[in-house]
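Analysis of the macromolecular model
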Amino acid sequence: MKNRTNYYQDLAADYSRPGQVAESLQSDFIALALKINEMQEKSPPVIGDDYPMSQVEQENKEWWPTHCEALRQGRGDILTGEYRQDLVYFCQDGPYYGIEEQKAREQHWWALIAQPGVTMTWPIVMFHGEFVWFEWNCIDDDTNETLAKGSVAWVRRGHRGGCHFKGEQLTFYRDVFSSPELLQLISKS
């Protein structure tokens, strides 16, 4: 039998299940997320001797927990800041080009998956250079009902490049659009 993989063994925190991340780390990850977003350059950096693919992959691994925490806290401002201005986003409601086209729709998704009483987890995350692939799910803390799940591929050129391509399959089971009250809980960019 093939050995199972612990996808979080080399990462700063484990977001594969609820309750795995200390509260003290949560605020550290939000602060780091804001710092990482400020590192994004106007043009994507060239991969080469000055910025090798190994560094890009390491930066993507450093970024990962900040992304998870930003989603759990409904920090739409941080999540939008992870994208390049020229983002290409493929999903069943897309395609979307640039960060303005998907913003109104994506805020509904963020509001649903970050709502109080729901915990989002990422049981699988894999890295290869500038590619990050992961699966996620959202579970109601009281009923254990799965509200939504999906799988996502990001092409992210480290801290300096940010995400320039995102492909996502999302399945929402309980709601498709969030209530105005839940939308109010998402930090605006």
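Here is a short report on the structure shown in this document.

Rules used throughout
Numbering of residues starts from 1 in each chain and follows the order in which that chain's sequence is written. Owing to the predicted nature of the model, reporting of local features is limited to residues with pLDDT of at least 70; listing and counting of side-chain atom pairs is limited to 80 or more, with chain, interface and lining totals taken over all residues. Side-chain measures were taken over the full set of non-hydrogen atoms in the model, leaving aside hydrogen atoms and water. Throughout this description, the term salt bridge denotes a Lys or Arg side-chain nitrogen within 4 Å of a carboxyl oxygen of Asp or Glu. Helix and strand assignments follow DSSP, with helices taken as H or I runs no shorter than four residues and strands as E runs no shorter than two, numbered in order from the N terminus. Throughout, exposure labels follow a simple rule: accessible area from a 1.4 Å probe, protein chains only, divided by the maximum for the residue type, with under 20% read as buried, over 50% as exposed, and the rest as partly exposed. Strand pairing is assigned whenever DSSP detects at least two bridges linking the two strands. In what follows, a contact means two residues having at least one pair of non-hydrogen atoms within 4.5 Å. Angles run from 0 to 180 degrees between N-to-C directions of axes, and those axes are lines fitted to C-alpha atoms, restricted for helices to the stretch in contact. Between the first and last residue of a helix there are one fewer steps than residues, each counted as 1.5 Å, and that sum is the expected span. Each residue is assigned a bend, namely the angle between axes fitted to the seven residues that terminate at it and the seven residues that start at it. Pairing of aromatic rings covers Phe, Tyr and the six-membered ring of Trp, with a centre-to-centre limit of 6.5 Å; geometry is then stacked below 30 degrees between planes, edge-to-face above 60, and tilted otherwise. In this scheme, Lys NZ or Arg CZ marks a charge over a ring once it lies within 6 Å of the ring centre and within 35 degrees of the ring normal. Note on angle classes: values under 35 degrees are labelled roughly parallel, values over 145 roughly antiparallel, values of 65 to 115 roughly perpendicular, and the remainder oblique. In this scheme the handedness of a crossing depends on how the near helix is turned from the far one: anticlockwise by less than a right angle means left-handed, clockwise means right-handed. Here the term charged refers only to Asp, Glu, Lys and Arg, the term nonpolar to Ala, Val, Leu, Ile, Met, Phe, Trp, Tyr, Cys and Pro, and the term polar to all other amino acids, Gly among them. Counting of polar contacts relies on pairs of N or O atoms within 3.5 Å, with two restrictions inside protein: one atom must be capable of donating a hydrogen and the other of accepting it, and residues adjacent in sequence are counted only when both atoms are side-chain atoms.

1. Observations regarding the pattern of salt bridges
One pass over the structure, following the stated rule, counts eight salt bridges. Across the pair Glu41 and Arg160 runs a salt bridge, and its minimum N-O distance is 2.6 Å. Here the residue Glu41 occupies a position in the loop between helix H1 (23-39) and helix H2 (53-72), and Arg160 occupies one in helix H5 (residues 158-161), the gap between them amounting to 119 residues. Glu41 gets classed as partly exposed once you look at its relative accessible area, which sits at 31%. Across the salt bridge formed by Glu57 and Lys61, the nearest N and O atoms sit 3.6 Å from each other. Pair noted here: Glu57 and Lys61 are both in helix H2, with a separation of four residues, about one helical turn.

2. Brief notes about the sheet that holds strand E4 (residues 131-140)
Sheet architecture is open: six strands sit in the order E2-E1-E6-E5-E4-E3, paired in mixed fashion. If you trace the sheet from one side to the other, it starts and ends with strand E2 (96-97) and strand E3 (118-128), each paired once. Sheet topology places strand E1 (residues 83-90) next to E2; two bridges connect them, and they run antiparallel. Directly across from Val88, in E2, lies its bridge partner Tyr97. Here helix H4 (residues 103-113) sits on the sheet and contacts E1, E2, E3, E4, strand E5 (146-156) and strand E6 (163-172); the angle it forms with E6, its principal contact strand, is near 55 degrees.

3. Some remarks on H2
Helix length check: H2, at 20 residues, gives a terminal C-alpha distance of 29 Å against a target of 28 Å (1.5 Å per residue), a fit within 8%. Of all the bends in H2, the largest measures some 30 degrees and sits at Trp63, one to four residues before the proline Pro65. One or two steps after H2, the chain reaches Gly74, where phi turns positive at roughly 65 degrees.

4. As for the packing of aromatic side chains
Using the criterion set out here, one finds 11 aromatic pairs in the structure. Pairing Tyr83 with Trp154 gives two aromatic rings, centres 5.6 Å apart and planes at 35 degrees, and the pair type is tilted. On the criterion of sequence distance, the pair formed by Tyr83 in strand E1 and Trp154 in strand E5 is long-range, its members being 71 residues apart. The pair Tyr83 / Trp154 is uniform in exposure class, with both members buried. With a centroid separation of 5.2 Å and an interplanar angle of 85 degrees, the aromatic rings of Phe90 and Phe165 are classed as edge-to-face. You can see Phe90 sitting in strand E1 and its partner Phe165 sitting in strand E6, a full 75 residues away along the chain. Phe165 gets classed as partly exposed once you look at its relative accessible area, which sits at 23%. Aromatic rings pair up to connect Tyr15, Phe29, Trp63, Trp64, Tyr83, Trp122, Phe134 and Trp154 into one cluster. Here Arg160 stacks its cationic end above the ring of Tyr51, 4.2 Å away from the centre of that ring.

5. So, the packing of H1 against H2
One way to put it is that H1 packs onto H2 with a least axis distance of 8 Å and a crossing angle of 110 degrees. Relative to H2, H1 is oriented roughly perpendicular. The interaxial crossing formed by H1 with H2 has left-handed handedness. Taking contact as the criterion, the partners of Gln26, Phe29, Ile30, Leu32, Ala33 and Ile36 in H1 are, on H2, Glu62, Trp63, Pro65, Thr66, Glu69 and Ala70. Along the lines of polarity and charge, the residues of the contact of H1 with H2 split into eight nonpolar, two polar and two charged.

6. Remarks on the side chain of Gln115
The topology assignment puts Gln115 in the loop between H4 and E3. A polar contact is formed between the side chain of Gln115 and the backbone oxygen of Leu112, at a distance of 2.9 Å. Setting aside residues up to four positions removed in sequence, Gln115 forms contacts with Leu147, Arg174 and Leu182.

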